[in-house]
Amino acid sequence: MLKLRPKGINLSTALILLVCVLLMTSISLGGSTLSNQTPLSMLEAGTAVDGPGFFAGSTVRVDGNVDGTTFAFGQNITVNGDINGDLIVAGQTLTINGKVTGNIYGAGQTVTIRGQGMRDVFLGAQDMNLAKESTIGRDLFFGGQTLIIEGAVARDINGGGADISINGQVGRNAQIEAEYIRLMDNAAINGDLLYTSTKEAFISPGARITGRTDWEYREPETPTQMRPHRLTRASTYLGILINMAGTFILWLIVRLWQPEYWSKTASHISETPLKTLGVGALALIVVPILIVLVMLTVIGIPLGIITGLIYGVSLYLSKIVVAVFIGSWLSKHLGWPEIHKGMWLFLLGLLILMALMQVPYLGLLIRLLVVFAGIGALVLSWRPKPVERQLSF
């Protein structure tokens, strides 16, 4: 069945952004007792530790078992042990041979899975390979250049790339987008094959598709159209990724140092919203004027420089405070629990905030309100508490 579909941003691109943002968390976790800054970070075979587990180094080997969410960041990462929880991993070359009871979030240049992922798997990489012995307990979400599936996926596969080859088992549906799509002799899709491509997929006579096959045609882009468009879009996404990764790192550092700081600061937005906005607007206008006035005197130059630095940092911290507020508000009104030290709630709040900032026209107003609310909350949280006096007779 052939359908025409106009050109546009595909789902896999957005997926890569989300996965990469989640995986950037491992960059900032080098301070744990299970990680170090040496070239090698290793958990020896036969060793079992209580999670969460944090690993960072140019070479990372996890041969032992971790009971809890595990983070790994490095150039070459190999996970041979079992992870009783989620695995969040980012690096150049990733190899997962063990069993992961939770979700797998992986991003890198080359990703190879030979083990078991008991739940969902999210991959963003140039080259991805699910070997014959690999199994995925639920769904596979992916985005990159090449993907080879030779193992088994219990439910659906969703994503896109340039070249996709399936020579394994898919328990339900496959919804994919790519330039080249191949179903080899051992491919079995126990559901529908829904794909988008500039050309019809190659389906071997030995391949088996239980459900329907729908092909949505995508018009090929000419080289003159493709390069500037893709470069501009890629640069925009890269800037957003770097911005969000840096924001998360700063949130996490402060969160580990002062666990209650962000929540207490963001509480001013929910408790006294108008006052917080007003204080933030006033600070945004008055502080630069005071900096200029102070620096008119030689003695006041150092103070003006320090104040300017604090002012700049506060502008950056404002979106962290608002993202924490959004995550807390969603948790309260939807009854979501705060797990993993509030990491997922903060990431969700940050994603929502960054998405709103990209909306034409409205984004400018959102940015302004974020600055007002964030700086206002920071100022109110820095305000010293009044000292209670006790009268004695």
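Residues numbered from 1 in each chain as written. Predicted model: local features only at pLDDT ≥ 70, side-chain atom pairs only at ≥ 80, totals over all residues. Heavy atoms only, no water.

A. Molecular detail of the overall build of the protein chain. Each helix and strand in the protein chain was counted, giving seven helices and 24 strands. Looking at the protein chain as a whole, 45% of its 393 residues qualify as buried. Of the contacts made within the protein chain by residues no fewer than 6 positions apart, 28% connect residues no fewer than 24 positions apart. Taken as a whole, the protein chain presents about 20,300 Å² of accessible surface, with 63% of it coming from carbon and sulfur. (Helix = DSSP H or I, 4+ residues; strand = E, 2+ residues; numbered from the N terminus. Buried < 20%, exposed > 50% of the residue type's maximum accessible area, 1.4 Å probe, protein only. Contact = heavy atoms within 4.5 Å. Areas by Shrake-Rupley, 256 points an atom, 1.4 Å probe, with all protein chains shown as cover.)

B. View of the UniProt feature "transmembrane region" (unreviewed entry) in the protein chain. Within this structure's numbering, the places UniProt gives as "transmembrane region" (unreviewed entry) are residues 237-257, 277-303, 309-330, 342-359 and 365-382. As a span, residues 309-330 carries 100% helix and 0% strand, and end to end its C-alpha atoms are 33 Å apart. Taken end to end, residues 342-359 is 83% helix and 0% strand, and its first and last C-alpha atoms sit 27 Å apart. (UniProt positions renumbered as here; feature names shortened; annotations may be inferred.)

C. The side chain of Thr-95, seen in detail. Structurally, the position occupied by Thr-95 is in strand E7 (residues 87-96). By relative accessible area, which is 15% here, Thr-95 ends up buried. Setting aside its immediate chain neighbours within four residues, Thr-95 contacts Ile-77, Thr-78, Val-79, Thr-112 and Arg-114.

D. Representation of the environment of Ala-207 in the model. Tracing the chain through its elements places Ala-207 in the loop between strand E22 (202-203) and strand E23 (208-209). Separated by 41 residues in the primary sequence, Ala-207 and Ile-166 have C-alpha atoms spaced 9.3 Å apart. If near-sequence neighbours (up to four positions away) are discounted, Ala-207 is found in contact with Leu-183, Met-184, Asp-185 and Ala-187.

E. Structural context of the pairing of strand E15 (residues 157-160). On E15, burial covers both faces: Ile-157 and Gly-159 on one face and Asn-158 and Gly-160 on the other are all buried. Two elements, strand E13 (residues 140-149) and E15, share four bridges in a ladder whose sense is parallel. Paired with Phe-142 across the two strands is Gly-159, which belongs to E15. Here E15 pairs with strand E18 (residues 174-177) via four bridges, running parallel. Looking at E18, one finds that Gly-159 is bridged to Ile-176. (Pairing = 2+ DSSP bridges.)

F. Here's a closer look at helix H4 (residues 273-294). The first and last C-alpha atoms of H4 sit 31 Å apart over 22 residues, in line with the 32 Å expected at 1.5 Å per residue. Considering bend angle alone, the principal kink of H4 is centred on Val-286 and spans about 25°; proline Pro-288 follows within four residues of it. Along H4, the residues classified as buried are Thr-276, Gly-280, Ala-281, Ala-283, Val-287 and Ile-291. (Expected span 1.5 Å × (residues − 1). Bend = angle between axes of the 7 residues up to and from the residue.)

G. Expanded view of the confidence of the model for the protein chain. The share of residues in the protein chain with pLDDT of 70 or more is 78%, and the mean pLDDT across the chain is 78. Confidence over residues 1-38 falls short of pLDDT 50; this stretch has 98 contacts with residues more than four positions distant or in other chains. Note on residues 386-393: pLDDT under 50 across the span, and zero contacts to partners over four residues away in sequence or across chains. (pLDDT = per-residue confidence, 0-100.)

H. The arrangement of the nonpolar core in detail. Formed by 45 residues in total, the largest nonpolar core has its most connected members in Leu-123, Leu-140, Phe-142, Ile-157, Ile-166 and Ile-176. With five residues, strand E11 (residues 121-130) is the largest single contributor of residues to this core. Once residues within four sequence positions are removed from consideration, Ile-166 is found in contact with Ile-149, Ile-157, Ile-176, Arg-182, Leu-183, Met-184 and Ala-187. Core analysis: the second largest hydrophobic core is formed by 34 residues, Ile-88, Val-254, Val-324 and Leu-350 among them. (Core = buried A, V, L, I, M, F, W, Y, C linked by side-chain atoms within 4.5 Å.)

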